[in-house]
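Results of the structural survey
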Amino acid sequence: MRFGAAVLRSYEDPFAVEEVMMNAGPAEGEILVRIAGCGMCRTDLAVRRSAGRSPLPAVLGHEGSGVVVETGGPDTGLAVGEHVVLSFDSCGMCRSCLGAAPAYCDRFAALNLFGGRPEHAARFTDAAGGALAPRWFGQSSFAAYAVVPARNAVRVDPSLPLALLGPLGCGFLTGAGAVLNSFGAGPGDTVAVFGAGAVGLAAVMATTAAGAVAVAVDRHPERLALAEKLDAAPVHSDAADLPGLIRRLTDGGAQYALDTTGSARLINDALRALRPRGHLGLVARLHTALPLEVGTLDQGRKISHICEGDAVPGLLIPRLTGLWQAGRFPFDRLIRTYPLADINEAERDCEAGLVVKPVLIP
Ligand SMILES: [Zn+2]
Ligand SMILES: [Zn+2]
């Protein structure tokens, strides 16, 4: 079958929206999904800086949602016509997968970032028959269709706004999962969120939904205004004595902090803003050594990296859609939709901070 997709051919060029070909249907355990929408995530854009490790040309996009149109074999657990959100790929067999921690799968990087499962490589090509990377994050959803392992697809209620649900598979999952799973925040807790982008604002919404108190730190006034509308106390990242200010706002220090910025200064400030035995989670990938200032880990404070919100997508995504239905996780307020044909405009707006979460509609 032929369908439209956004192809990234080089690390420097804009996306090219063109026809691609799927030369075989879903294999055993896979499904073919007609994509209703796909969020754009920082990790898609980071491919441009991957220094050759993520193979091109490729169809990126890993926050897809859509309708099952074909199943590969009888054992996918899904039926034609069902609505699904697509999440990251994992092997299902390693110690982490067996321990319900698929984000720490031994094959996470290979399956998601570096070309995916090679066994059906030849079936996905451009219109001229030229090879495309087999799969990105188990899906490649900047396209009208995607073939994905059924393992990564989460069935959702058909009454939900399907085209907007894709970011629940990565960006929103990451922020909300950090708060709900990694921290287990609840009433009486305080969570300081550094960086009010899609991941940070999802963390803010999850904090409020959990009955805890959120502080949001950012340098963009419009992001702080949005965080305030989501019930966070807004704090400018250049405020004098930022850690002291957050400690005053949180009655002696935040129980939890989440850094989405990767900034060494803010990470040190986040640790200083924690109360004793507080926990700082990092979600950004660090590209340099992290200098920790003297004393920042004293008093039982701890720091850890959190991938994909420590989530089992099949458990967390229904929880988040349930919170949305109850009016307690209004993720749709972070989204602006673009036709897939306007993907380069969406990327520009994303890089310029003009949109929190672009969702591309094929
Ligand atoms: Zn695994
Ligand atoms: Zn992502």
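None of the values given here were measured: they were computed from a predicted structure. (Residues numbered from 1 in each chain as written. Chains lettered and ligands numbered in written order. Predicted model: local features only at pLDDT ≥ 70, side-chain atom pairs only at ≥ 80, totals over all residues. Heavy atoms only, no water.)

The next subject is the overall build of the protein chain. Counting its secondary structure elements, the protein chain contains 10 helices and 17 strands. The C-alpha radius of gyration of the protein chain comes to 20 Å, within 12% of the 21 Å expected for a compact globule of 362 residues. Dimensions of the protein chain, computed from the C-alpha atoms along their principal axes, are close to 60 × 40 × 35 Å. Taking all contacts inside the protein chain whose residues are at least 6 apart in sequence as the whole, residues at least 24 apart take part in 67%. Total accessible area computed for the protein chain in this model is approximately 14300 Å², and 53% of it derives from carbon and sulfur atoms. Taken together, the 32 basic and 36 acidic charged side chains of the protein chain have centroids lying 4 Å from each other. (Helix = DSSP H or I, 4+ residues; strand = E, 2+ residues; numbered from the N terminus. Rg over C-alpha atoms; globule rule 2.2 N^0.38 Å. Contact = heavy atoms within 4.5 Å. Areas by Shrake-Rupley, 256 points an atom, 1.4 Å probe, with all protein chains shown as cover. Lys, Arg positive; Asp, Glu negative; His and termini not counted. Charge placed at Lys NZ, Arg CZ, Asp CG, Glu CD.)

Right, let's talk about the coordination of the zinc ion (ligand 2) for a bit. Distances from the zinc ion (ligand 2) to its protein donors, Cys41 (SG), His62 (NE2) and Cys170 (SG), fall at 2.1 to 2.2 Å. The sequence motif formed by the donor residues of the zinc ion (ligand 2) is C-x20-H-x107-C. Of this pair, His62 sits in the loop between β4 (58–59) and β5 (64–71) while Cys170 sits in the loop between β9 (153–156) and α4 (171–183), placing them 108 residues apart in sequence. Judged by relative accessible area, His62 falls into the buried class, the value being 1%. When its relative accessible area of 6% is taken as the criterion, Cys170 is described as buried. (Donors = N, O, S within 2.8 Å, 3.2 Å for Na, K, Ca; no water. Buried < 20%, exposed > 50% of the residue type's maximum accessible area, 1.4 Å probe, protein only.)

This part is about the sheet that holds strand β1 (residues 2–8). Taken in spatial order, the four strands of this open sheet run β4-β1-β2-β7, and their pairing is antiparallel. Both edges of this open sheet fall to β4 and β7 (124–126), since each of them pairs with a single strand only. Inspection of the sheet shows strand β2 (residues 16–22) paired to β7 by three bridges, in the antiparallel sense. Paired with Met22 across the strands is Phe124, a residue of β7. (Pairing = 2+ DSSP bridges.)

The next subject is the pairing of strand β16 (residues 335–339). Sheet topology note: the β16/strand β17 (residues 357–361) ladder contains five bridges and is parallel. Of the residues in β17, the one forming a bridge with Pro339 is Ile361. Once you follow β16 into helix α10 (residues 343–351) and on to β17, the crossover reads as right-handed. (Right-handed = clockwise from strand over helix to strand, strands pointing away.)

The next subject is the packing of α4 against helix α5 (residues 198–209). Running from N to C, α4 and α5 cross one another at 40 degrees; their axes reach a closest spacing of 7 Å. Taken together, the axes of α4 and α5 are oblique relative to one another. For α4 against α5, the interelement crossing comes out right-handed. In contact with Gly171, Phe172, Thr174, Gly175, Ala176, Val179 and Leu180 of α4, α5 contributes Ala198, Val199, Ala202, Ala203, Ala206 and Thr207. Among the residues forming the contact of α4 with α5, the class breakdown is nine nonpolar, four polar and no charged. (Axes fitted to C-alpha atoms, helices over the stretch in contact; angles between N-to-C directions. Parallel < 35°, antiparallel > 145°, perpendicular 65-115°, else oblique. Left-handed = near helix turned anticlockwise from the far one by under 90°. Nonpolar A, V, L, I, M, F, W, Y, C, P; charged D, E, K, R; others polar.)

Bringing the domain arrangement of the protein chain into the picture now. Taken domain by domain, the protein chain holds domain 1 (2–169 + 330–361) and domain 2 (175–307). One C-alpha centre belongs to domain 1, the other to domain 2; they are set 29 Å apart. Listed as interface residues are 11 residues of domain 1 and, on the opposing side, 13 residues of domain 2. Taken over both partners, the interface formed by domain 1 and domain 2 buries close to 980 Å², and the fraction arising from carbon and sulfur atoms is 66%. For domain 1, the biggest contributors to the area lost against domain 2 are Arg333, Leu334 and Val356; these three give 48% of the whole. At the boundary of domain 1 and domain 2, one finds zero salt bridges. One can count three residue pairs in polar contact (both at pLDDT 80 or more) joining domain 1 with domain 2. (Domains from an automatic or database assignment. Buried area = accessible area lost by both parts, 1.4 Å probe. Salt bridge = Lys/Arg side-chain N within 4 Å of Asp/Glu carboxyl O. Polar contact = N/O pair within 3.5 Å; in protein donor to acceptor, adjacent residues only side chain to side chain.)

Another point: the packing of helix α7 (residues 242–249) against helix α8 (residues 264–272). Packed helices, taken two at a time, are described by the angle between their axes plus the distance between the axes. Packing of α7 against α8 leaves a shortest axis separation of 8 Å and a crossing angle of 35 degrees. The handedness of the crossing between α7 and α8 is right-handed. Counted together, Leu242, Pro243 and Arg247 of α7 and Arg265, Leu266, Asp269 and Arg272 of α8 form the full contact between these two elements. Split by residue class, the contact of α7 with α8 holds three nonpolar, no polar and four charged.

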